[in-house]
Amino acid sequence: MLLFFIVGLLVHFVFFASIFDIYFTSPLVHGMAPQFTPLPPPARRLVLIVADGLRADALYEFDEKGNPRAPFIRNIIMHEGSWGISHTRVPTESRPGHVALIAGFYEDVSAVAKGWKENPVEFDSLLNQSKYTWSWGSPDIVSMFAKGATGNHVFTHSYDADSEDFGAKDVTKLDTWVFDNIKEFFHAAKNNQSLFSKLNEEKVVFFLHLLGIDTNGHAHRPTSREYKDNIKLVDEGIKEIVSLLKDFYGNDEKTAFLFTSDHGMTDWGSHGAGHPSETFTPFVAWGAGIKYPQKVSDQQFNDVLLKGWKLEYWKRQDINQADVAPLMASLIGVPFPLNSVGILPVNYLNNTDAFKAESMYTNAKQILEQFKVKMAQKKEATLPFLFTPFKLLSDSKQLDILRKARSYIKQENYDEAVFLCTELIHLSLEGLTYYHTYDRFFLGINVLLGFVGWASYASLLIIKSHSSLTRGVSKEVKKPSHLLLCSFVTIGILMAFFLLIQACPWTYYVYCLLPVPIWYAVLREYQVIQDLVTSLLTFPSRHFVGYLLALALGIEVLVLSFFYRYMLTAGLIVFAGWPFTTQLWTRAKMLCTVLSMWAVYSTHNSLLKKQGLPLINQVVSWIILASSFVVPLLSPRNLLERLFSILVSSMSAYLLLSTGYEALFPLVLSCLMFVWIHMEQETLQQSGVSCKQKVTSIHFSYNTDITQFRQLCLDDIRRAFFLVFFLVTAFFGTGNIASINSFDLASVYCFLTVFSPFMMGALMLWKIFIPFVLVMCAFEAVQLTTQLSSKSLFLMVLVISDIMALHFFFLVKDYGSWLDIGTSISHYVIVMCMTIVLVFLNGLAQLLTTKKLGLCGQPKSHLI
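Residues numbered from 1 in each chain as written. Predicted model: local features only at pLDDT ≥ 70, side-chain atom pairs only at ≥ 80, totals over all residues. Heavy atoms only, no water.

Trainee: Quick question: what am I supposed to make of a nonpolar patch on the surface here?
Mentor: On the surface, a nonpolar cluster with roughly 430 Å² of combined accessible area is contributed by L536, F544, V545, L548 and L549. If one sorts the elements of the nonpolar patch by residue count, helix α22 (residues 541-561) sits on top with four residues. Among the structural elements, L548 can be located in helix α22. (Patch = residues over 30% accessible without salt bridge, like charges linked within 9 Å, V, L, I, M, F, W, Y side chains within 5 Å. Areas by Shrake-Rupley, 256 points an atom, 1.4 Å probe, with all protein chains shown as cover. Salt bridge = Lys/Arg side-chain N within 4 Å of Asp/Glu carboxyl O. Helix = DSSP H or I, 4+ residues; strand = E, 2+ residues; numbered from the N terminus.)

Trainee: Please clarify how the sheet that holds strand β6 (residues 255-260) should be interpreted in this entry.
Mentor: Strand pairing within a sheet occurs via backbone hydrogen bonds; the two strands may be parallel or antiparallel. Judged by pairing direction, the sheet is mixed, and its eight strands sit side by side in the order β4-β3-β5-β1-β6-β7-β2-β8 without closing on themselves. Pairing within the sheet leaves two strands with one partner each, and these edge strands are β4 (154-158) and β8 (319-320). Bridge analysis of strand β3 (residues 132-137) against strand β5 (residues 204-210) gives five bridges, and the strand direction is parallel. Across the sheet, W136 pairs through a bridge with L208, a residue of β5. (Pairing = 2+ DSSP bridges.)

Trainee: Just to check I follow, could you spell out the side chain of R74 for this structure?
Mentor: Take R74: it is sitting in helix α3 (residues 71-79). One buried charged residue, R74, remains without a salt bridge, the closest side chain of opposite sign being E312 at 7.5 Å. Excluding residues within four positions of it along the chain, R74 makes contact with Y60, F62, P68, W309, K310 and L311. (Buried < 20%, exposed > 50% of the residue type's maximum accessible area, 1.4 Å probe, protein only. Lys, Arg positive; Asp, Glu negative; His and termini not counted. Contact = heavy atoms within 4.5 Å.)

Trainee: Is there a simple way to explain the packing of aromatic side chains in this structure?
Mentor: Between two aromatic rings, the relevant description is the distance of the centres plus the angle of the planes. Taken as a whole and judged by the stated rule, the model has 47 aromatic pairs. Considering the side-chain rings of F371 and Y435, the 5.7 Å spacing of their centres and the 50° angle between planes classify their relative orientation as tilted. Of this pair, F371 sits in helix α14 (residues 353-380) while Y435 sits in helix α16 (residues 414-436), placing them 64 residues apart in sequence. Comparing F371 with Y435, the two get one shared label, buried. Centroid distance W454 to Y457: 6.3 Å. Interplanar angle 45°. Geometry classified as tilted. Of this pair, W454 and Y457 are both found in helix α17 (residues 440-466), three residues apart, which corresponds to roughly one turn of the helix. Of the two residues examined, W454 and Y457, each falls in the buried class. Taken together, the ring pairs connect Y132, W134, W136, F155, F185, F186, F196, F206, F248 and Y249 into an aromatic cluster. Lying across the ring of Y106, R89 places its NZ or CZ 3.9 Å from the centre. Over the ring of F62 we find K310, and its NZ or CZ is 4.7 Å from the ring centre. (Phe/Tyr/Trp six-rings, centres within 6.5 Å; stacked < 30°, edge-to-face > 60°. Lys NZ or Arg CZ within 6 Å of the ring centre and 35° of its normal.)

Next up, the structure:
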């Protein structure tokens, strides 16, 4: 059985990893030739200012006194430049946002493994194409583009990472540091001839990353005075920098300015998902090459935001975040970033129609180059008779569109040229998606075969080893024929040869060959299958169909609960009414917890007064968290006492990771678990199974007597289903990890306030695990009181989880909004993680319930 669990863990790890090869592969290709506009650019230099975490409405709205919150930026909108909304994509995090702005593509999710900080795949960017770039800001952001740049022309200036402290008294210093250092930099340049000459070159970029607004948003929420005052500070700082640059360059009007944000923020101070407050970011451009304000009487946007911002008469021009990169490249005349998928927003350009048409032509060729490389790679790795090209953009059509567009430009029919180039861009992007997902169906079929095969094998193992369903049906034992083995070996060899001649990645071999041994293991149990069919034919059809429908309905409720949380309420109502369908209705460590409450209250007051995180609070919090793993092991192994000890210890840690009424959730969940334990034992007695002990006299045992286990019955399927249902309830009771913004960073302020994504993520992950641990410990008690083997119940849980995962595998979307796509994928990942983590949780629950530690030299006692 140990071998089965190890193999099962590996199989589920493969199923889990498959989603990254099917949906999360990097979209980037290499080997394209640089493309740039042949006409002279309007600007010699460009200033990109990114206010991290700035919402569009927070910038454009008026303050409580009826004055513009950012008067300088509003003056730009009304008198000097163009404005709109930059629409970001999920995940709305800092690194993906900056990659979209500066490199022009939406980064693949594999970057999350490195905390959105490092380059998982090398890519080209505007900074790499520039002659010189100077950047100031957070070390997490400004350094990542310098690492990917060729040559020594990208210079970074950043503060220490410890300065990013959410509990600091004044985090606006992160922005004032940037503004002060830029002033010192240009002042020093006047006395440094070498630096002065570099600054006066063309194709120069200045990148300002301002983190104060994001930090204040996390610490105090976007509706706070701190967040709004930080916007005013940034507005004043930008005004000073613009004046400084005009003075330094003698007001030569060759500087282009762009002001935007990487992502927004929810009202509760988080980001990462796709709510409009996160995806709507401001975009304001002015200076060389940028169109002046356009007054209009009617806008294409019907939302009420324009009137609230009092900008309904100034033309709003929205763009996608990736469109900023080609705009910047066009303004200073550098090659478009090679991996960019952005479409040049020509309406922002204040230039000749010829320049706009040539720029769009360059944009189209740059994206077409990616399409051609992607197609060539896929064609080379596919057998000629199996290759299906993208029919909407054949080689002849590519040449035809390019030839017509060039002809229109020569004829000065620029509007038609722009239209054709835009059409070519959309076709190229569609073709890139086609070839990027070319193998998705093939891989999906193989993963599906593996899923169904594994669930079938696990079900057969349950029936064969843990039930009496097939016993006595057939006495003759037959060995599987050699023909069956030879057939599957042949299938495996043919599949491996097919993959080899196509030079497929090694992961393809895993996904395609895995179903072969799984289905061989299923079919070699043909005698069990035959006996099962024979046994089911003697089973009352009404009862069988009823159980099957009830199980199917229950699994559908679990699946629907991922989309509609009220389905969990419906399930709990059914659980509450279940005793009335039987005869059950006729039977009717505190110091750490108080210390945790004090630590949360004291930390909250200290941060509210901007006095930072007190050291004593931090030490106490870490001690309580560490002790929560040890204290339960010191308590007696009596079932109720040990469970109560686990509850108190877990609640102490949970309190430190809570910000409100959510702290009551473990207590309510534990009460539900105690009710479940009692009801399951009463149900077992009602069914006639002998039960020698009461719950109050049962002890957890380190060494389990396997002779006390009984065979499975149909009622045990319900117990396994209850476990899965309670695990899902525990998961969504603390937040939805599928939506990054559903967790509040304030939850970890008792432990640390300096930004550390992995440590904060680990603490939040433990917060999620605590309700899981409570459910699994209760499940251990249910197994003990009902005299049931944990292996058999665990196998049933795995089958139920796999059926759910198969549902979500079919529900994965590759169309619609990015939020819909991301949510559908995350649901699959969640269920697969639950299946894999269940093994770890089961071991942890056994440790917490059966292990006993002694103090002061006392020997350990083991109850047998």
